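Per-entry structural report
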Amino acid sequence: AKYDKFACWCEDTTAKKAQDITAARSTLKSLGIKILELKGLIATREAEIKELAADIRENEAAQESAKAIRSKENAAYIAERTEMEQAINALERAITVLKGATTAPASLRQTRADIEKWSMALAALRETIGRLPPKTAPDAKHVAMLTQLGSGYTPQSATVQGILSDMYSSFSETLQRLSSDEATKHRSHEDLMATYHKELATLQETIVKKETEKVEAE
């Protein structure tokens, strides 16, 4: 009877151990699969993090490049605007002086004051021509007429004033166009930077999430 009980106990124990071994093997297999899955997840997250980091650097570099371009554009605008404003101011002075110079220096009717005014007009005209922006130079015939003043060619003051008035209107329109173009470029730059900032925020948020998932998987 004792033998039978012992044999029965052996059979029960053996069966239980077999079940435990089978369960352990199943657990090990599951753990092995899980480990492989986690390793795969970690590798995937590392690759994603690396790519996101590169995208962040690219975004930041693009922002710096855009800022540099905008800075150069703005500097060029300021320089051209200043040049144009100086030309307009010179034109205004020339027009004002010419209003008081109604006769040529060769005229015997001129007084010393008239000659002085005419000389001032010529100086103002030459200053005006010297200040003209290269991109907005006036008509060649007008330039020739203005530069010949005082050297044998003396058109009526009204004619000269008409030329200067036309130039003044043209320069004023150009100045308005420059300001309008600058405003458009500024708005475009602000829109571009807003897009970059939004993209960067998304990239930074995503990389933090991926890094957290990687740490949890390790």
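Everything here concerns the structure above.
Read on for an overview of the structure. All of these numbers come straight from a predicted model, not from anything done at the bench.

Our focus in this paragraph is a nonpolar patch on the surface. Nonpolar side chains collect at one region of the surface, where L28, L31 and I35 lie side by side and expose about 300 Å² of accessible area between them. Tracing the backbone shows L31 in helix α1 (residues 2-98).

Glancing now at the nonpolar core. Core analysis: the largest hydrophobic core is formed by twelve residues, namely M84, A87, I88, L91, A94, I95, V160, I163, L164, M167, F171 and L175. Mapped onto this core, the elements with two or more residues apiece are α1 and α4 (157-217). Counting residues in hydrophobic clusters, the runner-up holds six residues, among them I49, L52, L203 and I207.

Moving on, we come to the pattern of salt bridges. In this structure the tally under the stated criterion is nine salt bridges. Here R45 makes a salt bridge to E213, at a shortest N to O gap of 2.5 Å. Residue R45 is found in helix α1, and its partner E213 is found in helix α4; the two are separated by 168 residues along the sequence. Assessed through its relative accessible area of 21%, E213 is described here as partly exposed. Residues E85 and R81 are paired through a salt bridge, measuring 3.9 Å at the closest nitrogen-oxygen approach. Of the two residues, E85 and R81 are both situated in helix α1; the distance of four residues between them amounts to about one turn of the helix.

What counts and how
Within each chain, residue numbers correspond to sequence positions counted from 1 in written order. Note on the predicted model: pLDDT of at least 70 is required for a residue's local features to be given, and 80 or more for side-chain atom pairs to be given and counted; whole-chain, interface and lining totals, by contrast, use all residues. The side-chain figures draw on all heavy atoms in the structure; neither hydrogens nor water molecules are used. In this analysis, a patch consists of residues with relative accessible area above 30% that form no salt bridge, clustered at 9 Å for like charges and at 5 Å for the nonpolar side chains Val, Leu, Ile, Met, Phe, Trp and Tyr. Method for areas: the Shrake-Rupley scheme with a 1.4 Å probe, in which residue coverage is limited to the protein chains shown. Take a side-chain nitrogen of Lys or Arg and a carboxyl oxygen of Asp or Glu: if they are within 4 Å of each other, that pair is a salt bridge. Only runs of H or I of at least four residues qualify as helices and only runs of E of at least two qualify as strands under DSSP, and these elements are numbered from the N terminus. Nonpolar cores were defined as sets of buried Ala, Val, Leu, Ile, Met, Phe, Trp, Tyr and Cys residues, with membership established by side-chain atoms within 4.5 Å. Accessible area is worked out with a 1.4 Å probe on protein chains only. A residue is then buried under 20% of its type maximum, exposed over 50%, and partly exposed in between.

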